[in-house]
Amino acid sequence: MRFSYNWLKEMALGLATEPRDLMNLITLKTAECEGLHKVGQHFSQVVAAKVLQVEPLGSGRNRKTLIDAGPLGQHTVVCGAPNCRPGVITVWVPPGTRLEDQVIGVASIDGVSSAGMLASGRELGINRDHEGILEIEAEPGALIPGCQPDFVIEVDNKSLTHRPDLWGHHGMAREVAAILGLVLRDPVHLTQLPQGASPFRVSVEDSALCPRYSALVVENVQVRPSPLWLQYRLQAIGLNPINNVVDVTNYVMAELGQPMHAFDAEQLAGDTIFVRPARDGEPFDALNDESYRLTPAALVIADKQGAIALAGVIGGKHSAISQTTTKLVLESANFQAANIRRTSVRLKLRTDASQRFEKSQDPANTVRALARAVELLEIVSPGCRVCGGVADAAAERPLPPPIELPVDWLIRKLGREIAPEQARQILEALQFGVDQPSPRVLTVRVPSWRATKDISIKDDLVEEIGRMIGYDTITPTAPVVPTTPPYQDPRRSFLRRLRHLVAAQGFDEVYNYSFVSEELARRFELDPEKHVRVANPISVEQGLMRQSLIPGIWRNVVENSKHWDQFRLFEIGFAIHPRAGSLPEEIPHLTAAIYSRTGDTELLFEMKRLAECVLEGCELRPCPAHGYEHPARTAEVLWREQVVGRLFEFHPRWVETGRAVALDLNLATVESLGKREKRYQPVRRFPSSAFDLSVVVPRRTLVGDLEKVIRQLAGADLDRVTFLRQYEGPPLEEGLKSVSFRITVAAPDHTLSNDEVSAIRERMIRGMRAQGYELRV
C-alpha cells in the first residue's frame, strides 16, 4: 500500500515531520513500512511553455521548435511528438532537471542545439500516455498546476491485514494525527447527498453476503480526462488514470479505503439493481476483456437481464463507462470478506477492490464514499447533478458493546505505570469513545471502522495504548508466575531424535507443501478420488492433500540435480488419508533421497546404511516395483518381522541425469513396534577364533538369506558373521556365484580349542549341504 505524504498533510493538519521520520514513526506505532520513494521532484523545475514556431528537420519526425517559457525566455527544442504545433501550451523540462533517473541537458540533434525537452505525461509521471507531449492550460513560465514534489511511503500489505481502515489515506492520516497530536480533517461532507427517493431500487437477496449496498444516480456527466492534479495523485500511488469518472471512484477508494464502481445508467436494464448469488453457469464479460462462467458461490450485481458486475472484484464490460456516457449509477457497497476472497482466488482475479473487501470493510463507509464522490464529480465534471436520493439497502447492525478497561489491569498487562488520563487521551486521539464511570475504570466505545474483527476485547485496547506510548518505554522484565513443566510428547521427542540422527548422516532436511496436483498423484499411481481435497486451493497444483512424501522428494531431486552433482535430502512429514465419518488420518513418514550425477553403484548400500542407523537390525526383501521404481532395485524394509517401508532406486526415466535412491518409512508403524528392552552383556573375556566359508549359489540368491542360514547353524558360540566378497567367473559355471563369509566364534567361559572350532565348522558345512548348498572347501 502506497501513501502520498502530501495527501496525508491535507488531512493531518499541521504535519511538518520529515517524510523519513514519519515513515519510522508509522513503523514503530502502526504498520511496517518498506520504503520511502521520491515522486515528482522535477515539478519544482519544469514549467509551462507555449509553442511559437515549428519547422521540419530533414525527412524524419523531429522538428525544430521555438517555445516561450515566460520569464525563462524563448528556447529552441527539438521535438518529435505528433501533437507539437504552434499555439499549444505544453510542459518544458529545462536543462539540468533530473527526469526519470537522468539529467536533461543541452543536446545537438540533427545539427540543432536542443535546450531541454518537451515532455509527455508518462515522462512526467502524471499518467501513462506517451503518444505525444502533454497539453495543459497554464501561463508560460508557470509551474504545473496541482503537481508538486511528493514522497510516497510504502507500507507492507501483510501488516495491514487486520486493519481495513488503513487501506485508505484518511485512515492513515488518523493514525498520524494520533501519533503526533495533530488535528484530523475529514474530507467527507455528508451534506453533499440530497434527500428523497432514488430512481433506482436495490434488492439484496442475502444480507449476510452483502450487509449494505448504497447507490446514487448522477446525470449530465461529461466523460473526459481528469485534471492533472488528480491524474498525478493516482499515478504516484500506483493507480492508472483512465477518465474523470473512473478516476473519481479510484480516488475515493485510495482516500477512504472504500472501493466504488460506476455503471453507465443507460446500459442497465430496468430500474432495479439486484445483489444475488450467480446462477450456475451464468456468463459474465468483465472489464479485463475476459469471459467467465460463474457458479452460485460467486456474488453478482445484476439488472433484470443478467450480471453487470462481479461483486467486490470487477465490473462488467457491457455497463462500463465510455466516452458517450452521460448518466451514472455510483455503487458503494459492503460485502462479506470471506466470499470475496474465495471468488477472487477461484477466478485467479485479484484487484484493488477485492484486496480491500477481503479485509472486512466498515458498512458505515458506503454512504460517506458516495458523498465524497459527488463532491469530486462536481469538480471534474462541472454541471453534473445528482438525480434523486441514495438507494440504501442496509442490514441491521448492532453496535459493539462497550469494553470495560480497568486501569490497574492495564498497568499489569503493559508492565509500566500509566495514568488514567493518559490512557484516555490516547484512545480519544484514535477516535475511540471513552467514559470514566469510576476513578480507575474506563469504558471504551469502539468506532465502526475498528469494530470489523479488529477491536473486541480489552486485550486489544492494551495493544492500542502500548503501541502509542511506545514499546521501547516498557522495561523488559521476566514475569513472575508459577510454572509447570510442559508435557513431553513422546512422538515429538521421537521425531526430534530422528531428525538429529538423519542429519548426522549428512542429509539436509527439506520442507515441502502438504498438497499435490491430480496429475502428480496419478504419476505416482495414487487415485485422486481417494485423496482429501482442499476446499479452497491456492492453485490447481495444490488441490489434494498428499498421501505420500515421495512426490515431493522426487521434485526436490529433479530441481536440485540441475545445480548440484550430488546431495542428500530428507523430509519428515505427514501423509494424509481420508477416514470415513471422522477427520483425516495423519501418518508420519520419513522420506530420504541420495542423488549422484556420476551414477554411483553404492547409493543403494548407502541408503541401506541409513535404514540400519534408524532401525537397528532391519532387513531388506525384494518386492515388485511401482512404475517410478527401478524394476530390479526395489525392496521392502522389514523390522521386527513387520514391513515398515520401501527402499528403491528411481526409474531412469524419472531422473534424467545420474541416479537417485529413496527410502520411505512409515513412522507410525515404527512407533507401534515400540522399544525392546536392552540387556547388559559383558565383554568377552576369552579370545575368539575365526574361519571362512564360501558358498556356491545361483546368481540371484540373496546374501542376506545365506547369512540367516549360517547364523542358525552356528549355534550359541557365534560371535559375528562378516560378508567378505562374492565372485563370478571360471571355474564356476555360468549363472553361479561364490559368496564368502568370515565366521567368528567364541565361548563365554573358556578359549575354544582347535578341535572345538573344527567341530563347529564341520557342523555348519554338513548343515549347509543338507539344505542343498554347495561349499568350496
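Residues numbered from 1 in each chain as written. Predicted model: local features only at pLDDT ≥ 70, side-chain atom pairs only at ≥ 80, totals over all residues. Heavy atoms only, no water.

## Comments concerning the packing of aromatic side chains
Spelled out, the test is: Pairing of aromatic rings covers Phe, Tyr and the six-membered ring of Trp, with a centre-to-centre limit of 6.5 Å; geometry is then stacked below 30 degrees between planes, edge-to-face above 60, and tilted otherwise. Working definition: helices are DSSP H or I runs of at least four residues, strands are E runs of at least two. Numbering for both runs from the N terminus. When accessible area is computed with a 1.4 Å probe and restricted to protein chains, residues below 20% of their type maximum are described as buried, those above 50% as exposed, and intermediate ones as partly exposed. Whether a charge lies above a ring is judged from NZ of Lys or CZ of Arg, which has to be within 6 Å of the ring centre and within 35 degrees of the ring normal.
Within this structure, the stated rule accounts for 14 aromatic pairs. Aromatic side chains Phe723 and Phe741 sit 6.1 Å apart centroid to centroid with 70° between the ring planes, which places their arrangement in the edge-to-face category. With Phe723 in strand 39 (residues 718–727) and Phe741 in strand 40 (residues 736–745), this residue pair connects regions lying 18 residues apart in the sequence. A relative accessible area of 0% places Phe741 in the buried class. Here the aromatic residues Phe524, Trp554, Tyr628, Phe648, Phe650 and Trp654 are joined through ring pairs into a cluster of three or more. The cationic tip of Arg174 hangs over the ring face of Trp449; the distance from NZ or CZ to the ring centre is 4.1 Å. The positively charged end of Lys458 is found above the aromatic ring belonging to Trp409, 4.4 Å away from the centroid.

## Examining the sheet that holds strand 5 (residues 63–68)
Applicable threshold: Two strands pair under a simple rule: DSSP has to find at least two bridges between them.
Ordered in space as 6-5-4-7-12, the five strands form an open sheet in which the pairing is antiparallel. With one partner strand each, in any of the chains shown, strand 6 (74–79) and strand 12 (117–118) form the two edges of the open sheet.

## Re helix 18 (residues 703–714)
The cut-off we apply is this: To estimate the expected span of a helix, subtract one from its residue number and multiply by 1.5 Å. The directions considered for the arc run from the helix axis to the C-beta atoms. Here, two residues are considered to be in contact whenever any of their heavy atoms come within 4.5 Å of each other.
Counted at 1.5 Å a residue, the expected span for helix 18 with its 12 residues is 16 Å, and the 17 Å between its end C-alpha atoms agrees. Those residues of helix 18 that fall on the buried side of the exposure criterion are Leu706, Val709, Ile710, Leu713 and Ala714. Along the axis of helix 18, the buried positions cluster into a sector of 130°, meaning they face one direction only. Where helix 18 is buried, its residues contact strand 38 (689–698), strand 39, strand 40 and helix 19 (754–770). Two residues or fewer after helix 18 comes Gly715, characterised by a positive phi angle close to 80°.

## Regarding the environment of Ala662
As for its placement among the helices and strands, Ala662 is situated in strand 37 (residues 659–666). In sequence terms Ala662 and Glu417 are 245 residues apart; their C-alpha atoms lie 60 Å from each other.

## Quick word on the environment of Glu641
Looking at where Glu641 falls in the secondary structure, it is placed in the loop between strand 35 (629–639) and strand 36 (642–650). For the pair Glu641 and Cys618, spaced 23 residues apart in sequence, the C-alpha separation works out to 8.7 Å.

## Remarks on the domain arrangement of the protein chain
Heads up, the rule is: Residue ranges for the domains originate in an automatic or database domain assignment. Once two parts are put together, the accessible area they lose, assessed with a 1.4 Å probe and summed over both, is termed the buried area. In the sections that follow, a salt bridge refers to a side-chain nitrogen of Lys or Arg positioned within 4 Å of a carboxyl oxygen of Asp or Glu. Note that Gly is not counted as nonpolar here; it falls among the polar residues with everything else outside the nonpolar set of Ala, Val, Leu, Ile, Met, Phe, Trp, Tyr, Cys and Pro and the charged set of Asp, Glu, Lys and Arg.
Taken domain by domain, the protein chain comprises domain 1 (2–32 + 150–184), domain 2 (41–124), domain 3 (190–394), domain 4 (403–473), domain 5 (490–512 + 547–673) and domain 6 (689–776). Here the C-alpha centroids of domain 1 and domain 4 sit 21 Å apart. Facing the 11 residues of domain 1 at the interface are 11 residues of domain 4. Roughly 980 Å² of surface becomes buried between domain 1 and domain 4 when both sides are summed, with 48% attributable to carbon and sulfur atoms. Taken together, domain 1 and domain 4 are joined by two salt bridges. Here Arg163 and Asp454 are joined by a salt bridge, their closest N and O atoms 3.7 Å apart. Residue composition of the side of domain 1 that touches domain 4, by class: four nonpolar, two polar and five charged.

## Some details on unusual backbone geometry
For residues that are not glycine, phi is negative in most cases, and the peptide bond is trans in most cases. Here the bond from Pro730 into Pro731 is cis, since omega is 5°, no more than 30 degrees from zero. Here Pro731 is to be found in the loop between strand 39 and strand 40. The backbone of Lys453 shows a phi angle near 65°, a positive value even though the residue is not glycine.

## A closer look at the packing of helix 5 (residues 228–236) against helix 6 (residues 244–256)
The criterion, for reference: Fitted lines through C-alpha atoms serve as axes, helices being fitted only where they are in contact, and the angles separating the N-to-C directions of these axes extend from 0 to 180 degrees. If an angle is under 35 degrees, it is roughly parallel; if it is over 145, roughly antiparallel; if it lies from 65 to 115, roughly perpendicular; otherwise it is oblique. A clockwise turn of the near helix away from the far one marks a right-handed crossing, whereas an anticlockwise turn of less than a right angle marks a left-handed crossing.
Contact geometry of helix 5 with helix 6 gives a least axis separation of 10 Å together with a crossing angle of 50°. Looking at the two axes, helix 5 sits oblique to helix 6. The hand of the helix 5/helix 6 crossing is left-handed. Across the interface between the two elements, Trp229, Leu230, Gln231, Arg233 and Leu234 of helix 5 pack against Asp247, Asn250 and Tyr251 of helix 6. Partitioning the contact of helix 5 with helix 6 into residue classes produces four nonpolar, two polar and two charged.

## Remarks on the sheet that holds strand 24 (residues 328–334)
Strand pairing in a sheet relies on backbone hydrogen bonds, with the paired strands running either antiparallel or parallel. Ordered in space as 17-24-16-25, the four strands form an open sheet in which the pairing is antiparallel. Because the sheet does not close on itself, it has two edges, and the strands there are strand 17 (260–264) and strand 25 (385–394). Pairwise comparison of adjacent strand axes, ignoring direction, gives a mean angle of 20° for this sheet. Where strand 16 (residues 212–219) meets strand 24, seven bridges bridge the pair, whose relative direction is antiparallel. Directly across from Tyr213, in strand 24, lies its bridge partner Ala333. Strands strand 17 and strand 24 of the sheet are contacted by helix 6, whose axis makes an angle of about 160° with strand 17.

## Re the nonpolar core
The test is simple: What is meant by a nonpolar core is a set of buried Ala, Val, Leu, Ile, Met, Phe, Trp, Tyr and Cys residues, joined one to another through side-chain atoms within 4.5 Å.
One finds Leu330 and Leu377 to be the most contacted residues of the largest nonpolar core, which totals 54 residues. Examining the composition of this core, we find that nine residues originate from one element, helix 9 (residues 365–380), more than from any other. In this structure, this core is formed jointly by two domains, domain 1 (2–32 + 150–184) and domain 3 (190–394), each of which donates at least three residues. Residues contacting Leu377, with those up to four places away along its chain left out, are Val218, Val245, Val248, Leu328, Leu330, Pro382 and Cys384. Residues Leu268, Leu294, Leu310 and Ala311 belong to the second largest nonpolar core, which totals 37 residues.

## Examining the pattern of salt bridges
For the structure shown, the criterion picks out 49 salt bridges. A salt bridge links Glu154 to Arg2; its shortest N-O distance comes to 3.9 Å. Of this pair, Glu154 sits in strand 13 (residues 150–155) while Arg2 sits in strand 1 (residues 2–4); the two residues are 152 residues apart in sequence, bridging distant segments of the chain. Arg2 gets classed as partly exposed once you look at its relative accessible area, which sits at 26%. Across the pair Arg368 and Asp186 runs a salt bridge whose closest N-O atoms are separated by 2.9 Å. In this pair, Arg368 sits in helix 9 while Asp186 sits in the loop between strand 14 (183–184) and strand 15 (201–204), placing the two residues 182 residues apart along the sequence. Residues joined by salt bridges that share partners form a network here, namely Arg163, Asp165, Arg174, Glu175, Arg450, Asp454, Glu464 and Arg467.

## Some points on the pairing of strand 35
The element strand 35 is extensively covered by neighbouring structure, given that eight of its 11 residues are classed as buried. One ladder, built from four bridges, connects strand 34 (residues 619–622) with strand 35; its direction is antiparallel. Residue pairing across strands places Arg621 opposite Glu636, the latter belonging to strand 35. Counted along the chain from strand 34 to the antiparallel partner strand 35, the turn is six residues long. One ladder, built from seven bridges, connects strand 35 with strand 36; its direction is antiparallel. Paired with Val637 across the strands is Gly645, a residue of strand 36. Counting the residues in the hairpin turn of strand 35 and strand 36 gives two residues, including Arg640, whose phi is positive at 55°.

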